[in-house]
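Read off the chains here:
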Amino acid sequence: MPTPAQFALILLALSACTDHCVAEIDASPMSVAIVPALPQLKWPADLTGSQSGRNLDVRPLVVTGAGDGSGRLFVGTQHGTIHVFGPNSDGSDRQLFADLRDRVSFDPKINEEGFLGLAFHPDFATTGEVFVNYTGLHEGDRERRSVVSRFRVSPNDANRLDIESEEILLEIPQPFWNHNGGTVTFGPDGCLYICLGDGGAAFDPQMNSQNLQSLLGKILRIDIDRQEGGRPYAIPADNPFVGHPQLARGEIWAYGLRNVWRLSFDRKTGAAWAGDVGQDQWEEINLIERGGNYGWNLREGRHPFGPGGFPACRKLLDPIWEYDHSVGKSITGGHVYRGKAIPELSGHYLYGEYVTGQIWALKYDMGSGKVTANRMLRASGGPITTFGEDDAGESYFATQPGEIFKFAAPKDR
Ligand SMILES: [Ca+2]
Ligand SMILES: [Ca+2]
């Protein structure tokens, strides 16, 4: 028989083991099939460069359904083109939905400018409205800037955007070529969320991310169905910084972000997931809350950053997951899988790596606030530029050369 002291130690050891076991993260690879989504797709010569004898990457940055029940798939490229495919397409029916290259600044040597975001109005079937985020042409006296615009689909052709219908909602000056963010997406509240990076260079030299009077380094939330205060949109009354125009821009929803490369809303729970790209060491996955400060440039991941670095504190929200630069160097945030093809993937957050081409599925327990699994789906391959969902909730990703893949049930099933 153990003495009471020994018994207490055994209990402690057992409880420690229990805690340890609960906290253990399943890092085993998950078997899913990754298959070409549009196997017969041939990109036009002006995107691949073959026309001019150059070798260009197509750089698909958006893959999405329109949410209108049509079953179409849309792919936007960093060059400034949007392509549309019919239901269950093999890729051979590609049509040009829009060509915005006459107003988009894209240079393959300037990696982060171009056509960066595309979102369909929640009631697109009725309104025909499409929202985009791109880098505006900045030649001569035209300044470097991010542009957020509304377009309308052609009244005569559902597979054609009326590019003359552009209505600019926001133009945000960009001090540097990099860190332009770019996601535009609708939340379950019907508001348009817009991601903007810290403006660029390194270290956020202008301290934009912590400055509530700057729109840079932020996630914005606007109401595009109303106009108010001389703006072509309205600021929702429940935005966190409304009513203090001397101190803060009312459009701001969350701040302290470096360069969110893809924000998405879980179509089941409504949770907002963001991948925030790190600078020196840490890549982040954040759950975005109203008014949240995500720490940049005082913290990188869960760590103090730079000479003015802050220790962990309640006001600076740490990511729910981070990985360091021995694993990968630039996160591409995805979305929570809610499709039907792969039941074991349900509820997992898909994310990937621009530099190494890896893809993982992360499982997070909202109740305990703990990550329970981080399972590799793809160990290597071309740079992951974006993830996307079709109207049925099935998941896709794109690589920089121009491949579009989808996830499917394992082949041995
Ligand atoms: Ca910039
Ligand atoms: Ca952060």
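Everything numeric here is computed off the predicted structure, so don't read it as measured data.

1. Digging into the overall build of the protein chain
Part 1 of the reasoning: Per the secondary structure count, the protein chain includes three helices and 26 strands.
Part 2 of the reasoning: For 413 residues, the compact-globule estimate of 2.2 N^0.38 gives 22 Å, and the protein chain sits close to it at 22 Å.
Part 3 of the reasoning: Counting only C-alpha atoms and orienting by the principal axes, one finds that the protein chain spans roughly 85 × 60 × 40 Å.
Part 4 of the reasoning: Going through the 413 residues of the protein chain one by one, you find that 54% of them count as buried.
Part 5 of the reasoning: For the protein chain, the share of sequence-separated contacts (at least 6 apart) that also reach a separation of at least 24 residues comes to 55%.
Part 6 of the reasoning: Within the structure as shown, the protein chain displays about 17700 Å² of accessible surface, and the carbon and sulfur contribution to it stands at 53%.
Part 7 of the reasoning: The centroid of the 38 positive side-chain charges in the protein chain is displaced by 1 Å from the centroid of its 51 negative side-chain charges.

2. Considering the coordination of the calcium ion (ligand 1)
Part 1 of the reasoning: At the metal site, the calcium ion (ligand 1) is ligated by Q174 (OE1), F176 (O), N178 (O), N180 (OD1) and G199 (O), and these contacts range over 2.3 to 2.5 Å.
Part 2 of the reasoning: When the donors of the calcium ion (ligand 1) are listed by position in the chain, the intervening gaps give Q-x1-F-x1-N-x1-N-x18-G.
Part 3 of the reasoning: Residue classification places N178 among the buried residues on the basis of a relative accessible area of 8%.

3. Comments concerning the nonpolar core
Part 1 of the reasoning: One finds L170, L192 and I194 to be the most contacted residues of the largest nonpolar core, which totals 23 residues.
Part 2 of the reasoning: Sorting the residues of this core by element identifies β9 (161–173), β10 (184–186), β11 (192–196) and β12 (218–222) as the ones contributing at least two each.
Part 3 of the reasoning: Residues in contact with I194, not counting those within four places in the same chain, are N133, V148, L170, T183, V184, K218, I219, L220 and I222.
Part 4 of the reasoning: One finds L100, F115, V130 and F151 within the second-largest nonpolar core, a separate group that totals 20 residues.

4. A look at the sheet that holds strand β19 (residues 321–324)
Part 1 of the reasoning: Judged by pairing direction, the sheet is antiparallel, and its four strands sit side by side in the order β14-β15-β16-β19 without closing on themselves. Both edges of this open sheet fall to β14 (260–265) and β19, since each of them pairs with a single strand only. Across this sheet, the average inter-strand angle for adjacent strands is 10°, counted without regard to direction.
Part 2 of the reasoning: Where strand β15 (residues 272–276) lies against strand β16 (residues 282–287), four bridges are found, and the strand directions are antiparallel.

5. Overview of the packing of aromatic side chains
Part 1 of the reasoning: Tallied over the entire structure, the rule returns 19 aromatic pairs.
Part 2 of the reasoning: A ring pair is formed by F131 and F186, whose centres lie 5.5 Å apart and whose planes are at 75°; its orientation type is edge-to-face. Residue F131 is located in strand β7 (residues 129–135), and its partner F186 is located in strand β10; the two are separated by 55 residues in the primary sequence.
Part 3 of the reasoning: Centroid distance Y323 to W360: 5.5 Å. Interplanar angle 40°. Geometry classified as tilted. You can see Y323 sitting in strand β19 and its partner W360 sitting in strand β22 (residues 359–365), a full 37 residues away along the chain.
Part 4 of the reasoning: Given the relative accessible area of 5%, W360 is considered buried.
Part 5 of the reasoning: Counting every residue linked through ring pairs, the aromatic cluster contains W273, Y323, Y349, Y351, W360 and Y364.
Part 6 of the reasoning: Between the NZ or CZ atom of R258 and the centre of the ring of W296, over which it lies, the distance is 5.4 Å.
Part 7 of the reasoning: We note R262 situated over the ring of W261; from NZ or CZ to the ring centre the distance is 3.9 Å.

6. Structural notes on the pattern of salt bridges
Part 1 of the reasoning: One pass over the structure, following the stated rule, counts 20 salt bridges.
Part 2 of the reasoning: The closest approach of N and O atoms between D238 and R221, which form a salt bridge, is 2.8 Å. On the criterion of sequence distance, the pair formed by D238 in the loop between β12 and β13 (252–254) and R221 in strand β12 is long-range, its members being 17 residues apart.
Part 3 of the reasoning: Judged by its relative accessible area of 42%, D238 falls in the partly exposed class.
Part 4 of the reasoning: For R221, a relative accessible area of 5% puts it in the buried group.
Part 5 of the reasoning: Residues joined in a network through salt bridges with shared partners are E129, R150, R152 and E167.

7. Quick notes on the coordination of the calcium ion (ligand 2)
Part 1 of the reasoning: All of the protein donors around the calcium ion (ligand 2) are E284 (OE), E284 (OE) and Y294 (O); their distances to the metal are 2.2 to 2.6 Å. Remark: Y294 occurs in the loop between β16 and β17 (299–300) and E284 occurs in strand β16; sequence separation between them is 10 residues. Comparing E284 with Y294 shows no difference in burial state: the two are buried.

8. Brief notes about the environment of H325
Part 1 of the reasoning: Relative to the assigned elements, H325 resides in the loop between β19 and β20 (331–336).
Part 2 of the reasoning: Residues H325 and W282 lie 43 residues apart in sequence; the distance between their C-alpha atoms is 6.3 Å.

9. So, the sheet that holds β13
Part 1 of the reasoning: The four strands lie next to each other as β10-β11-β12-β13, forming an open sheet whose pairing is antiparallel. Among the strands making up the open sheet, the edge pair consists of β10 and β13. Neighbour to neighbour, the strand axes of the sheet diverge by 35° on average, direction disregarded.
Part 2 of the reasoning: Note: β12 against β13, two bridges, orientation antiparallel. Paired with I219 across the two strands is A254, which belongs to β13.

10. Some points on the pairing of strand β24 (residues 384–389)
Part 1 of the reasoning: With six of its six residues buried, β24 lies for the most part within the structure.
Part 2 of the reasoning: Bridge count between β24 and strand β25 (residues 395–399): five bridges; the pairing is antiparallel. Directly across from F387, in β25, lies its bridge partner F397.
Part 3 of the reasoning: Once β24 ends, the chain turns through five residues before running back antiparallel as β25, passing G393 with a positive phi of about 90°.

Rules behind the numbers
Residues numbered from 1 in each chain as written. Chains lettered and ligands numbered in written order. Predicted model: local features only at pLDDT ≥ 70, side-chain atom pairs only at ≥ 80, totals over all residues. Heavy atoms only, no water. Helix = DSSP H or I, 4+ residues; strand = E, 2+ residues; numbered from the N terminus. Rg over C-alpha atoms; globule rule 2.2 N^0.38 Å. Buried < 20%, exposed > 50% of the residue type's maximum accessible area, 1.4 Å probe, protein only. Contact = heavy atoms within 4.5 Å. Areas by Shrake-Rupley, 256 points an atom, 1.4 Å probe, with all protein chains shown as cover. Lys, Arg positive; Asp, Glu negative; His and termini not counted. Charge placed at Lys NZ, Arg CZ, Asp CG, Glu CD. Donors = N, O, S within 2.8 Å, 3.2 Å for Na, K, Ca; no water. Core = buried A, V, L, I, M, F, W, Y, C linked by side-chain atoms within 4.5 Å. Pairing = 2+ DSSP bridges. Axes fitted to C-alpha atoms, helices over the stretch in contact; angles between N-to-C directions. Phe/Tyr/Trp six-rings, centres within 6.5 Å; stacked < 30°, edge-to-face > 60°. Lys NZ or Arg CZ within 6 Å of the ring centre and 35° of its normal. Salt bridge = Lys/Arg side-chain N within 4 Å of Asp/Glu carboxyl O.

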